[in-house]
Structure formats: C-alpha cells, structure tokens
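Here is what each chain is made of, one letter per residue.
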Amino acid sequence: MNLEQLRGFVEVARFGNFTRAAEELYLAQPSLSRQIAALEQDLGAELFHRARGGSTLTVAGESLLPLARRMLADAESVRRELAELAGLERGRVRLGATPTLCISLVAEVLSAFHTEHPGIELHLSEQGSRRLLDELAGGELDLALITTSDASSAERLTVTPLLVEELVVISSAGAPPITTRDRIGLGEVAALPQIVFSSSYDLRAATDAAFAGAGLTPEVVLEGAEMDAVLRFVERGLGVAIVPAMVLIDRPGLRSVRLDAAALARTISLARPVGVAPTAAVEVMQRTIAATAVGFAARAGATMRVAADDYASSTGNDQRPSRISARGR
C-alpha cells in the first residue's frame, strides 16, 4: 500500500468513475485501474462494485475511505511542515551567550535573524561561559557564544574562534580625556578612579590579575556592578572602567583609549555540539553570527579583528576546537 494508491482510491470513490478520477489525477485510466487492483490485492478485499453505470464502494471500501483520507491528510501535513522548515518559515534556535555579548553582538545577531526569519522561535540563555558549555553539552542549546573554553567539554563540543578583541579603558565623553595619547599604561589607569565588575565576571579576574602582575593596586570607587550599570556610571563621570571594545559600539556617551601593547584581550568563539547535525534554522543562525561578527570587527577598527578569515564564509563545520584567551562574561 502506498500514498498514490490511496489517493487514487479516494478519487474513484469521490467521482464513482475510474475515467473521471484518472483525468483528475492526470493518469491513464489503465494505470489507475492497476493501482486500485494492487491495493485490493494488498488488502485482500474488493473495494468497489464495478458496473457499466459506475463504481460504488463495497463494505470494505466504505471502511477504508475515512482511514485513507486521514492518512493522506497526515502525509500532506508532514510535507507542508518539512517545506516550511526548509524555507525557514518555522523552527527553533536555542542560543546561549555571555552577558557582555548579549548587550552588543547578540543584540544585532538576533535583530538581523528575526527580520529575515520572523517565523523561527528564538530562545536565549544568558550565562557565563562555563555554564553555557554545560548547557550545550547537555543538549539544552544549539549554539553558544562564549569567551572561554572548558577542558571537560572539549571532547563533546567544537569551539570556533570568531573575534579577537582588546579590553579598553572607557571614560565619559562629557569629561576631559584621561590622556592625550592614543594609548594608556596600566600604571596610569591604576591611578584613576575605577568602576569594577562583580566578582562573578571573569573579566574582573582578568583585570585584577593584570594589575597584580604589574605590581599595581587600582583605585576602586565602586565595585560589584553589572555591565549595563558600569557603562551608565562611566557615562555619568563616576569613574573609568576596563571593558570589551565591542560594548562601545553605538555608545556616543563614552570614549575609549587602548591599553599599551594590547595588555588585555579576549577571544569570542562559537561553540556547538559534536556529532549533532544542525537544522536549517541553526545553520542560518551560524551564518548570521559570522556575518555580524565581521561587521562588528569592521566598525570597531583596530581594537577588534576576525579570528579566522575563512569563517565568514563557513558555518564552522570543519573548524577544530580552540582555547580561549580571556575567560568569562
């Protein structure tokens, strides 16, 4: 039994005539007759009373008709859903990202993706990198934008570097510049009033380690803030902060200065599970992330670069797992 046989059966039942049903199906009448005969043989019962005046259903045919209609409707439903997925009219993408990426890169990624594919359901998990890797390895996410790698997850995940960005010193655009030079040293930064992140941010650990390694103790005026608060406090002139370069994009209330010799930098990477075939929607999301990352690097100038020149034209399927230089959020 196949769908073509069932479709032919339903059409003969509708018209009560093999010739008219064959015309409706764009088949030769003998071909339709052979289909029905094969169906009857498979089922072991005659489905029509055949007469000169037309064909009528037998008891077996009457029993089969509602079932055949339901099977054809189910098949059409499956066909339609697959077509919608292929055309990205429906589907789901579960994306994870660190907080600093959510307020910058991810915001643009999701905006661009939703504009092109409004029917795709989007789920976002905003966590630190280690937690995101756990969620990805546990099947809770399709993709994750991270700034660190975890050895325990390396065998189950592929981590593809996207961007390398510097951490820069920011100050209020409404206040005098903190230096007249293009760069500033850690010693000079340590003497400025600083707003520092919550201890849950690995960026905090990275900056603390840099100062400690240089034998410096920064002047902290406020600590424990989240990224949005840090940026607002700096805009108001409360102090300076060391932040990822990308959070400065489209923020005219802030100015930035690069650190001497790019003293602090981080790599932003896209992680995905190994051995899991991505859906069409996830593949398009990967391409959207890659294209948006390239655009971010172009807008950021010297403080950011694309980690792999060939990634912009790929979905990362052949990239090897990579270590990330600066950890966390």
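None of these values were measured; they are calculated from a predicted model. (Residues numbered from 1 in each chain as written. Predicted model: local features only at pLDDT ≥ 70, side-chain atom pairs only at ≥ 80, totals over all residues. Heavy atoms only, no water.)

Engineer: Hey, could you run me through the confidence of the model for the protein in this one?
Structural biologist: Atomic detail in the predicted coordinates should be set aside for any region of low pLDDT. Across the protein, the average pLDDT comes to 86, with 88% of residues at or above 70. Below pLDDT 50 for its whole length, residues 149-153 participates in 10 contacts with residues either more than four positions away or in separate chains. Low confidence marks residues 309-328, where pLDDT is under 50. Its contacts with residues over four positions away, or in another chain, come to 61 contacts. (pLDDT = per-residue confidence, 0-100. Contact = heavy atoms within 4.5 Å.)

Engineer: Explanation requested: the packing of helix α6 (residues 105-116) against helix α11 (residues 280-300) in the structure shown.
Structural biologist: Relative orientation and spacing of two packed helices are given, respectively, by the angle between their axes and the distance between those axes. Contact pair α6 / α11: the axes reach a minimum separation of 9 Å and the direction vectors enclose 130 degrees. For the element pair α6 / α11, the angle class is oblique. Between α6 and α11 the crossing geometry is right-handed. Every residue of α11 that contacts α6 at Leu105, Glu108, Val109, Leu110, Ala112 and Phe113 is listed here: Ala281, Val284, Met285, Thr288, Ile289, Thr292, Ala293, Phe296 and Arg299. (Axes fitted to C-alpha atoms, helices over the stretch in contact; angles between N-to-C directions. Helix = DSSP H or I, 4+ residues; strand = E, 2+ residues; numbered from the N terminus. Parallel < 35°, antiparallel > 145°, perpendicular 65-115°, else oblique. Left-handed = near helix turned anticlockwise from the far one by under 90°.)

Engineer: What's the story with the nonpolar core in this structure? I'm lost.
Structural biologist: As a rule of thumb, nonpolar side chains are buried together in soluble globular proteins. If you look at the biggest cluster of nonpolar residues, it comprises 60 residues, and the most contacted ones within it are Leu145, Ile170, Val243, Met246 and Ile289. Core analysis: the second largest hydrophobic core is formed by 16 residues, Val10, Leu32, Phe48 and Leu65 among them. (Core = buried A, V, L, I, M, F, W, Y, C linked by side-chain atoms within 4.5 Å. Buried < 20%, exposed > 50% of the residue type's maximum accessible area, 1.4 Å probe, protein only.)

Engineer: How should I be thinking about helix α10 (residues 227-235) in this particular structure?
Structural biologist: Helical periodicity: at 3.6 residues per turn, an α-helix aligns residues three or four positions apart in one direction. Taken together, the buried positions of α10 are occupied by Met227, Val230, Leu231 and Val234. The buried side chains of α10 occupy one side of the element, clustering within an arc of 95 degrees when seen end-on. The positive-phi residue at the C-terminal boundary of α10 is Gly237, with phi of around 85 degrees. (Arc of directions from axis to C-beta.)

Engineer: I tried to follow the environment of Val284 on my own but got confused; where do I start?
Structural biologist: Here Val284 is to be found in helix α11. Judged by relative accessible area, Val284 falls into the buried class, the value being 12%. Put simply, Val284 and Phe113 are 171 residues apart on the chain and 8.3 Å apart in space, counted from C-alpha to C-alpha. Here Val284 is in contact with Leu88, Phe113 and His117, once residues within four sequence places are set aside.

Engineer: Explain the pattern of salt bridges to me, please; I cannot follow it from the model alone.
Structural biologist: In a structure, side chains of opposite charge can pair up when their charged atoms sit close to one another. Scanning the entire structure with this criterion turns up 13 salt bridges. Note that Glu135 is salt-bridged to Arg131, the shortest N-O span being 3.2 Å. Here Glu135 pairs with Arg131, and both are found in helix α7 (residues 129-137), just 4 residues apart, close to one helical turn. Taking the shortest distance from any N to any O, the salt bridge between Arg204 and Glu223 comes out at 2.9 Å. Note that Arg204 is positioned in helix α9 (residues 202-213) and Glu223 in strand β9 (residues 219-225), a separation of 19 residues in sequence. Salt bridges sharing partners connect three or more residues here, namely Glu11, Arg14 and Glu24. (Salt bridge = Lys/Arg side-chain N within 4 Å of Asp/Glu carboxyl O.)

Engineer: What am I meant to see in the environment of Ala144 here?
Structural biologist: With respect to the secondary-structure elements, Ala144 resides in strand β5 (residues 143-146). Separated by 19 residues in the primary sequence, Ala144 and Ser125 place their C-alpha atoms 8.7 Å from one another. When sequence neighbours within four positions are dropped, the list of residues in contact with Ala144 reads Leu95, Gly96, Leu132, Leu136, Ser269, Leu270 and Ala271.

Engineer: Looking at this structure, I do not really get the packing of aromatic side chains. What am I missing?
Structural biologist: Aromatic ring pairs are described here by two measures, namely the spacing of the ring centres and the angle between the planes. Within the structure shown, the criterion is met by 2 aromatic pairs. Measuring from centroid to centroid gives 5.4 Å for Phe9 and Phe48, while their planes differ by 50 degrees, and the two rings are tilted. Of this pair, Phe9 sits in helix α1 (residues 3-15) while Phe48 sits in strand β1 (residues 48-51), and the two are 39 residues apart along the sequence. For the pair Phe9 and Phe48, one class covers both residues: buried. For the ring pair Phe18 and Phe48, a centre distance of 5.8 Å and an interplane angle of 70 degrees mean the geometry is edge-to-face. In this pair, Phe18 sits in helix α2 (residues 18-24) while Phe48 sits in strand β1, placing the two residues 30 residues apart along the sequence. Phe18 sits in the buried class, given a relative accessible area of 9%. One aromatic cluster in this structure is built from Phe9, Phe18 and Phe48. (Phe/Tyr/Trp six-rings, centres within 6.5 Å; stacked < 30°, edge-to-face > 60°.)

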